[in-house]
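Observations on the model geometry
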Amino acid sequence: RWLRQHEYVEKLNMHGILSASAGQEQLLTELLVTYAKIPLLIGELISVEIWKHKVFPVLCRLEDFKPRSTFPIYVVLHHEASIINLLETVFFHKEICESAEDSILDLIDYCHRKLTLLAARSANGQAVTLELHAKDLASPSSMQELQKQAETMEFEISLKALSVLWFITDQVESLPLSALTRMLNTHNLPCLLVELVEHCPWSCWEAGKLKKFENGAWHMVPPEDHMKMTKLDGQVWLALLNLLLSPACQRKYRFDGFNKSQLLKLRVFLTDVLIDQLPNLLEMQRFLSHLAMTEPAPPKKDLVLEQVPVIWDHILKKNSGKWEAIAKHQVKHSFSPTDEELKLQAHRWAQTYSLDMMEALAPDKPRCRVCGVEAAKRCSRCRNEWYCTRACQVQHWQKHKPACNLMA
């Protein structure tokens, strides 16, 4: 039943991407609002996040758990990525943001957790350019590989959370008062966004060359484009504009000594080159100049009944002390499928990821699985792997054979 639900989410995700690329996502948006699915998706997103933090590490530590295939576990890890990707696609629309209702607080908390982890790793100099190479691992299907895949996926999920947060800040005027309080005072998101501007986790230097993460991959940046703003840079700056220049936010935010000093760090980044690329930042520059010269009035202390997020706490309290038992139960009933069950799952996934759909989503032309050059030939049995020549296909056959037999 859960796998069927994941298939539906995955199909919605792919449909949303294709619809958005064609400018025709209105139907999907209306359906999600009409059937109140956004709070359900947010609840599912947080459930998988907790599973990944509480149950997945237990699975990795179980000495007697040697799965023949890690595919069922990977599907659960991938579920979080599918949901956050779907939310990123649809949260551009105001009605989607409003339809989240009280669960918007849970989503704000989720985005805060992801961005805090992203900023902390970058501030500590921890590499996020994680690329998985099977040759570096003892077994291509090991739990070790799965952990590396989860770590790589976590970085990309965090970047999707940044996009979702930007869309939420774009609707500050229609958000409940508790959401503003949560973003500005509980989590102090403006200062967190300053950290992201300062450390820029989606760019790094490697062998004297600048690399930036765009469209799901790391790319070398030519010297003439070093100052060019990426989509991720723009999202951080636009979220800051929404949170700092909105009158509603200015009335709520505490411009105390620490917050003021953190925000004024932004002035060094507001160069003429950056402002030319995003002219709205001229307003930010004026605001910061004014902030440096004045002492803003403290926020009004209104007596309000504040809503709090409930999904995270409810799941943790309900399952406290049961994580190891849950892991062992799932090993027995979910993550140790028979060969027949694996074939059935593979067949269902092959139907979910139809070739036409995957090719429509692919940003680049397929590459040879062996040498990486542009490929025009595909395995005729499973139609899943690409090769440039017959020689490369023959060379890769022994490694590809088990997966090919499973898919075919």
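In short, a report on the structure. (Residues numbered from 1 in each chain as written. Predicted model: local features only at pLDDT ≥ 70, side-chain atom pairs only at ≥ 80, totals over all residues. Heavy atoms only, no water.)

Here the focus is the sheet that holds strand 2 (residues 209-214). In space, the 3 strands of this open sheet follow the order 1-2-3, with antiparallel pairing throughout. The sheet is open, and its two edges are formed by strand 1 (203-206) and strand 3 (217-220), each paired on a single side. Ignoring which end each strand starts from, the neighbouring axes of this sheet average 35 degrees apart. Relative to strand 2, strand 1 runs antiparallel, the two being bridged by 4 bridges. Opposite Cys 204, over in strand 2, you have Lys 211 as the bridge partner. (Pairing = 2+ DSSP bridges. Helix = DSSP H or I, 4+ residues; strand = E, 2+ residues; numbered from the N terminus. Axes fitted to C-alpha atoms, helices over the stretch in contact; angles between N-to-C directions.)

Overall, the coordinates contain 14 salt bridges when judged by the stated rule. When the shortest N-O distance is used, the salt bridge between Lys 160 and Glu 88 registers 3.1 Å. Highlighted residues: Lys 160 in helix 8 (residues 143-169) and Glu 88 in helix 5 (residues 71-90), separated in sequence by 72 residues. Owing to a relative accessible area of 27%, Lys 160 belongs among the partly exposed residues under this scheme. Lys 114 serves as the salt-bridge partner of Glu 154, at 2.8 Å between the closest nitrogen and oxygen. (Salt bridge = Lys/Arg side-chain N within 4 Å of Asp/Glu carboxyl O. Buried < 20%, exposed > 50% of the residue type's maximum accessible area, 1.4 Å probe, protein only.)

Relative to the helices and strands, Ser 69 resides in the loop between helix 4 (56-61) and helix 5. Among the polar contacts made by the side chain of Ser 69, one reaches the main-chain amide nitrogen of Phe 71 at a distance of 3.2 Å. (Polar contact = N/O pair within 3.5 Å; in protein donor to acceptor, adjacent residues only side chain to side chain.)

Take the packing of aromatic side chains next. Applying the stated criterion across every chain, the model contains 9 aromatic pairs. Plain terms: the ring middles of Phe 213 and Trp 218 are 5.3 Å apart, the flat faces sit at 70 degrees to each other, and that makes the pair edge-to-face. Using a relative accessible area of 7% as the deciding quantity, one classes Phe 213 as buried. Under the relative-accessibility criterion, Trp 218 is labelled buried at 13%. Here the aromatic cluster, defined as three or more aromatic residues joined through ring pairs, consists of Trp 51, Phe 56 and Phe 335. When the ring centre of Trp 312 is taken as origin, the NZ or CZ atom of Arg 113, which lies over that ring, is 3.9 Å away. (Phe/Tyr/Trp six-rings, centres within 6.5 Å; stacked < 30°, edge-to-face > 60°. Lys NZ or Arg CZ within 6 Å of the ring centre and 35° of its normal.)

This part takes up the side chain of Glu 154. Considering the arrangement of structural elements, one finds Glu 154 in helix 8. Residue Glu 154 is classed as buried on the basis of its relative accessible area, which comes to 5%. A polar side-chain atom of Glu 154 sits 2.8 Å from a polar atom in the side chain of Lys 114. Aside from chain neighbours lying at most four places away, what touches Glu 154 is Lys 52, Glu 80, Lys 114, Leu 117 and Arg 121. (Contact = heavy atoms within 4.5 Å.)

So, on to the environment of Glu 156. Within the fold, Glu 156 resides in helix 8. Glu 156 sits in the partly exposed class, given a relative accessible area of 32%. A C-alpha to C-alpha distance of 10.0 Å links Glu 156 and Asn 215, two positions 59 residues apart in sequence. Apart from the residues lying within four places of it in its own chain, the contact partners of Glu 156 are Phe 213 and Gly 216.

Before going further, it helps to examine unusual backbone geometry. Where the residue is not glycine, phi is negative for most of them; where a peptide bond is considered, it is trans in most cases. Its identity as a non-glycine residue notwithstanding, Ala 36 has a phi of 50 degrees, on the positive side. With respect to the helices, strands and loops of the structure, Ala 36 is situated in the loop between helix 2 (26-34) and helix 3 (38-54). Even without being glycine, Asn 188 reaches a positive phi, approximately 50 degrees. Considering the arrangement of structural elements, one finds Asn 188 in the loop between helix 9 (177-186) and helix 10 (189-199). What makes Asn 188 buried here is its relative accessible area of 18%.

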